[in-house]
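# Overview (structure and organization)
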Amino acid sequence: MRNKIPRVPVREQDPKERVKNFSEVCFGYNEEEAMLEASRCLGCKNPACVKDCPVNIQIPQFIYQVELGNFEEAARILFTDSSLPAVCGRVCPQESQCEGKCILGVKGEPVAIGKLERFVADWSREKGIKFTDRKPLNGKSVAVIGSGPAGIACATDLAKMGYDVTIFEALHEPGGVLQYGIPEFRLPKEDVVKAEIDNVRSLGVKIETNVVVGRTVTIDSLMDDEGFSAIFIGSGAGLPKFMGIPGENLNAVVSANEFLTRSNLMRAYDPEYETPIYVGKRVAVVGGGNVAMDAARTAQRLGAQVTVVYRRTEKELPARVEEVHHAKEEGIVFRMLTNPVEVLGDEKGWVRGLTCIKMELGEPDASGRRSPVPIPDSNFDIETDVVIMSLGTSPNPLIATTTPGLQTNRWDCLVADESGATTRPGVFAGGDVVTGAATVILAMGAGRKAAEAIDIYLQSK
Amino acid sequence: MYKIVRKKFLTPLIALMDVDAPRMARSAKPGQFLIVRVHDKGERIPLTVCDFDSEKGTVTIVTQVVGASSRRICNMDEGDSFVDFAGPLGQPSEFIHMSREELSAKRFIFIAGGLGTAPVYPQVKFLHSMGAKVDVIIGAKSKDMVIFEQEMRSICDNLYICTDDGSYGKKGLVTEMLKELLDRGERYDQAVAIGPMIMMKFVTLTAKPYNLPLIVSLNTLMVDGTGMCGACRVSVGSKTKFACVDGPEFDAYLVDFEEAMRRQGMYKNIEQQADHKCKIGIERQQ
Ligand SMILES: Cc1cc2nc3c(=O)[nH]c(=O)nc-3n(C[C@H](O)[C@H](O)[C@H](O)COP(=O)(O)OP(=O)(O)OC[C@H]3O[C@@H](n4cnc5c(N)ncnc54)[C@H](O)[C@@H]3O)c2cc1C
Ligand SMILES: Cc1cc2nc3c(=O)[nH]c(=O)nc-3n(C[C@H](O)[C@H](O)[C@H](O)COP(=O)(O)OP(=O)(O)OC[C@H]3O[C@@H](n4cnc5c(N)ncnc54)[C@H](O)[C@@H]3O)c2cc1C
Ligand code: SF4
Ligand code: SF4
Ligand code: FES
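Okay, so let's go over this structure. (Residues numbered from 1 in each chain as written. Chains lettered and ligands numbered in written order. Predicted model: local features only at pLDDT ≥ 70, side-chain atom pairs only at ≥ 80, totals over all residues. Heavy atoms only, no water.)

## Considerations on the environment of Pro404 of chain A
Residue and element names in this part refer to chain A. Positionally, Pro404 belongs in the loop between α16 (398-401) and β16 (427-429). In this structure, the C-alpha to C-alpha distance between Pro404 and Glu258, residues 146 residues apart in sequence, is 31 Å. If near-sequence neighbours (up to four positions away) are discounted, Pro404 is found in contact with Asp220 and Arg424. (Helix = DSSP H or I, 4+ residues; strand = E, 2+ residues; numbered from the N terminus. Contact = heavy atoms within 4.5 Å.)

## Points about the pattern of salt bridges
Residue and element names in this part refer to chain A. Throughout the structure, instances matching the rule amount to 46 salt bridges over all chains. Arg448 serves as the salt-bridge partner of Asp81, at 3.3 Å between the closest nitrogen and oxygen. Separated by 367 residues along the polypeptide, Asp81 in helix α5 (residues 71-81) and Arg448 in helix α18 (residues 440-459) bring together distant segments of the chain. Residue class for Arg448 comes out buried when judged on its relative accessible area of 19%. In this structure, Arg282 engages Glu383 in a salt bridge whose closest nitrogen and oxygen atoms are separated by 2.9 Å. Residue Arg282 is found in strand β7 (residues 282-286), and its partner Glu383 is found in strand β13 (residues 380-383); the two are separated by 101 residues along the sequence. Accessibility expressed as a relative area gives 27% for Arg282, which makes it partly exposed. With relative accessibility at 60%, the residue Glu383 sits in the exposed group. Three or more residues are tied together by salt bridges with common partners; here these are Arg18, Lys115, Arg186, Asp294, Arg297, Arg301, Arg320, Glu322, Glu323, Glu329 and Glu330. (Salt bridge = Lys/Arg side-chain N within 4 Å of Asp/Glu carboxyl O. Buried < 20%, exposed > 50% of the residue type's maximum accessible area, 1.4 Å probe, protein only.)

## Topic: the sheet that holds strand β11 (residues 158-163) of chain B
Residue and element names in this part refer to chain B. With respect to topology, seven strands assemble into an open sheet ordered β12-β11-β10-β9-β13-β14-β17, the strand pairing being mixed. The open sheet terminates on both sides in strands that have one partner only, identified here as β12 (170-171) and β17 (249-251). Relative to strand β14 (residues 214-217), strand β13 (residues 190-194) is paired through three bridges, and the arrangement is parallel. Residue pairing across strands places Ala193 opposite Val216, the latter belonging to β14. Strands in contact with helix α7 (residues 197-207) are β9 (107-113), β13 and β14; relative to β14, the strand with the most contacts, it is inclined by about 175°. (Pairing = 2+ DSSP bridges. Axes fitted to C-alpha atoms, helices over the stretch in contact; angles between N-to-C directions.)

## A few points about the site of ligand 2
Residue and element names in this part refer to chain B. Close to ligand 2 lie 22 residues; Pro46, Thr48, Val62, Gln64 and Ser70 are nearest. Between ligand 2 and Thr220, the relevant distance is 3.0 Å, taken from a nitrogen atom to a main-chain nitrogen or oxygen of the residue. In isolation ligand 2 offers 860 Å² of accessible surface; the protein chains occlude 86% of this area. Secondary-structure elements contributing two or more residues to the shell around ligand 2 are β4 (45-48), β6 (58-64), α2 (68-74) and α10 (268-272). (Near = heavy atom within 4 Å. Polar contact = N/O pair within 3.5 Å; in protein donor to acceptor, adjacent residues only side chain to side chain. Areas by Shrake-Rupley, 256 points an atom, 1.4 Å probe, with all protein chains shown as cover.)

What follows is the structure, encoded as structure tokens:
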């Protein structure tokens, strides 16, 4: 091995302090720490890490430049393959992607690829460096629907190739889940999300907010009346699911999406903003994904005592390991093998508790996952003032139902092939709207693939 | 930015505005709504599309002061701009899918409570243009709260006005007026009631014994207005619906009004903390 130093730890806000604020939990590396950590990378000839990065970042190459202290060059390498490195360095589930395959991980700890990526992206932003190389306009225009990671990645690549790109976004701020879902303390909005989206704008991409495709305009009107030659749909999977149990419409039962949208997009935690949010004293969060962790940690910061209720065991928690670890440090209580069967209300129709049933893990099903089964007569009540449902999301049917010829599957996802081509010629799609709720970097990978396919399609026309 | 090109007060607390929004003006239909934000720290406020002019590219909104955000809207002037103006949202009224032949054979009655007169207006206008027969009941607290009287008069067959204090039209509630019409043998194919939740509930109870088909437009709480949050959920026929995408109009007889009214008040105490300063640790007052 090149050197035997252990993985350089990253500095974080003290859990006791950070539960009282919305500032970022992780401080990231400074220059010395980054160079030291970079020196651990073996610069593999055939790097395993790259294969598991959905956008194939040239990992050993950029890390080598960090080791040498050539941060600008490192940034140039990063921005070739990713338009949102400061975002991905923060929120990618690295343990199951790039870092999960790093050769150093076999015997010890993998290189901190994500933290290095974040360092380089932050450094170049702070220095005001932008990479705006693009081909001259080729006279063709493409519309991108949705400004989440899929749309941003697709728009970036198309702009670089010379297309005139306009992104249409339904909400008032671009960014998709990065803006309305993932909290400030994990992903700062002003410094990181806005800044990376401004980079995309400086490539010449136009972003029009407040345009709800399917209502304000349609795919057909964009193609027929507004002259777009191709369309990319990256509208995500934003529709919240509920359990369908009694009491779910009581006051103070909210979806994680509503709770997080109020806090993130609408900045309810900030007294300067006018958005109301209701947190009560005790909050129960139902679910175990990243979304549940974000809702739980947000509620804790707004002053509540938070319990996460999850029907499997800790091992099956779908959330990133780092998030669960942080949530625990912050004092959030986990009740595993527990499933709600009814929300209890008081005489005024407000939540007062949650009746749950104990679960056990049964035999593995076809997918190999052991599914939870209720233990008869094991009902018990949890007292709580607020219930946040975090049971997953599905794509909004609005675009599919207003676009003739666009097929969906039984989960309301758009049907698209490997390259992103939908059942409608000239219309491509990618990200959560095709796969169902997944990850930022998978959405970006799909956006990039579709950009390539759109280029081939338009060249052949 | 979306510029206000015309503004006038209809009453001291209700303002009408034409707003420059060409894309929306082209696609808006009766029954739909939109979402505005006044400034970059403001709430997303749902308002009904009260009229639209695709040639001028403007959309008309009518806002009544009930709290901080609606007051801000009403305080804006011609030449000012909204930072956000998104829509049209929701399903258009069902009758827009009917043909002229079908509609001209039908008779409608609209029951408008207070500000509800504004969203009723584009629907009546549309039906009138399609040759349908339309009667309208407008109810208000007093004479100076009656809006859209002249506009409505020119597009409906019979206009009935009632006020709580009897200062104009008939003294009494819209439900009494409706009952009187039905009792004296007036027959309608479809009724539509728009106004405060409590009024829509009582219109529903009044119309039920007459088997009068009735549609109501639910003004639930909303955040995004696109189906993403579920703040707007209502029970309709014991199924949960999202008012912003499945509605806002529903079959009145299937709506759980008690639940809808309770849910609408969810942030009442927080909103009433005049300028909503600190939201951390706010307690629920009952
Ligand atoms: C709370 C939360 C935490 C998460 N944490 C992580 C994490 O830590 N790591 C990770 O990798 N992934 C995480 N994810 C998942 C990840 O954010 C998503 O997989 C990713 O954002 C999907 O990208 P997308 O571009 O497909 O869609 P989105 O990010 O959902 O963006 C879609 C955009 O399209 C817009 N839109 C929708 N319909 C229309 C329309 N009709 N017209 C115009 N615009 C429209 C939406 O408003 C939205 O802005 C998290 C998700 C959530 C909700
Ligand atoms: C589909 C739809 C269409 C609407 N159309 C119009 C319209 O054309 N003109 C208009 O003036 N208003 C309309 N409303 C209501 C309007 O959105 C609310 O009055 C506004 O959001 C109140 O905001 P505020 O900050 O001024 O008051 P807040 O301070 O938020 O609330 C003041 C009081 O009003 C109640 N309230 C809050 N939100 C609503 C609501 N959505 N509906 C009814 N009461 C509410 C609160 O419980 C509180 O008691 C519509 C609402 C919906 C959902
Ligand atoms: S984008 Fe994500 S998966 Fe790819 S190298 Fe960076 S952190 Fe790893
Ligand atoms: S696998 Fe690990 S050591 Fe090898 S190049 Fe990738 S990061 Fe470096
Ligand atoms: S307002 Fe958010 S889903 Fe209807």
